[in-house]
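Okay, here's what each chain looks like letter by letter:
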Amino acid sequence: MTVDQHDRIDIVTQKDDTITLVMVEARPWSMAEEIRKDLRLKIINYAAYAGSRQYADEYGDAPVAFLLMHQQPPPPEIVSMLENAAADLGIPIDHIAMG
């Protein structure tokens, strides 16, 4: 599973009141430039879903967060991109290594 599947919500979790939309990236960070482009599109689509009527119908007004799961710690440019996207969207975006 990789973030190049732009139109797919990979995993949905709920903890307390927060709905977390999880993105899974299994490709190596040596492909960071390609991953960055795919990740940008995936985040845009996740944000569109989080602001949609469908999300409201399914989860009401529950707060949303995004989480990127990956094999190894991401390079600084990916971390920076996630931080900037979170600030721009007003949606928390975190990342965690699976391995």
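Residues numbered from 1 in each chain as written. Predicted model: local features only at pLDDT ≥ 70, side-chain atom pairs only at ≥ 80, totals over all residues. Heavy atoms only, no water.

1. Structural notes on the pairing of strand β2 (residues 18-25)
The following threshold applies: Under the scheme applied here, a residue whose accessible area is under 20% of the maximum for its type counts as buried, over 50% as exposed, and between as partly exposed, the area being computed with a 1.4 Å probe on protein chains only. Secondary structure counts use DSSP, requiring at least four H or I residues in a row for a helix and at least two E residues in a row for a strand, with both numbered from the N terminus. Two strands make a pair as long as DSSP finds a minimum of two bridges between them.
In terms of burial, β2 is a largely internal element, seven of the eight residues being buried. Where strand β1 (residues 11-15) and β2 come together, five bridges link them in antiparallel fashion. Looking at the pairing, I11 lines up with V22 of β2. Between β1 and β2, which pair antiparallel and follow one another directly, the connecting turn spans two residues, one of which, D16, has a positive phi of 55°. Relative to strand β3 (residues 64-70), β2 runs parallel, the two sharing seven bridges. When the bridges of β3 are listed, T20 appears paired with A65.

2. Things to note about the packing of aromatic side chains
Heads up, the condition is: Aromatic pairing here means that ring centres of Phe, Tyr or Trp (its six-membered ring) are within 6.5 Å. Orientation follows from the plane angle: under 30 degrees is stacked, over 60 is edge-to-face, and everything else is tilted.
Applying the stated criterion to the full structure yields three aromatic pairs. Where Y46 meets F66, the ring centres are 5.5 Å apart and the plane angle is 85°; that geometry is what we call edge-to-face. Taken together, the residues Y46 in helix α1 (residues 32-50) and F66 in strand β3 connect sequence positions 20 residues apart. F66 matches Y46 in its accessibility class, with the two residues each being buried. Ring geometry for Y49 against Y55: centres 5.6 Å apart, planes inclined by 90°, an arrangement best described as edge-to-face. This pair shows no difference in class: Y49 is buried, exactly as Y55 is. Among the aromatic residues, ring-to-ring pairing joins Y49, Y55 and Y59 into one connected group.

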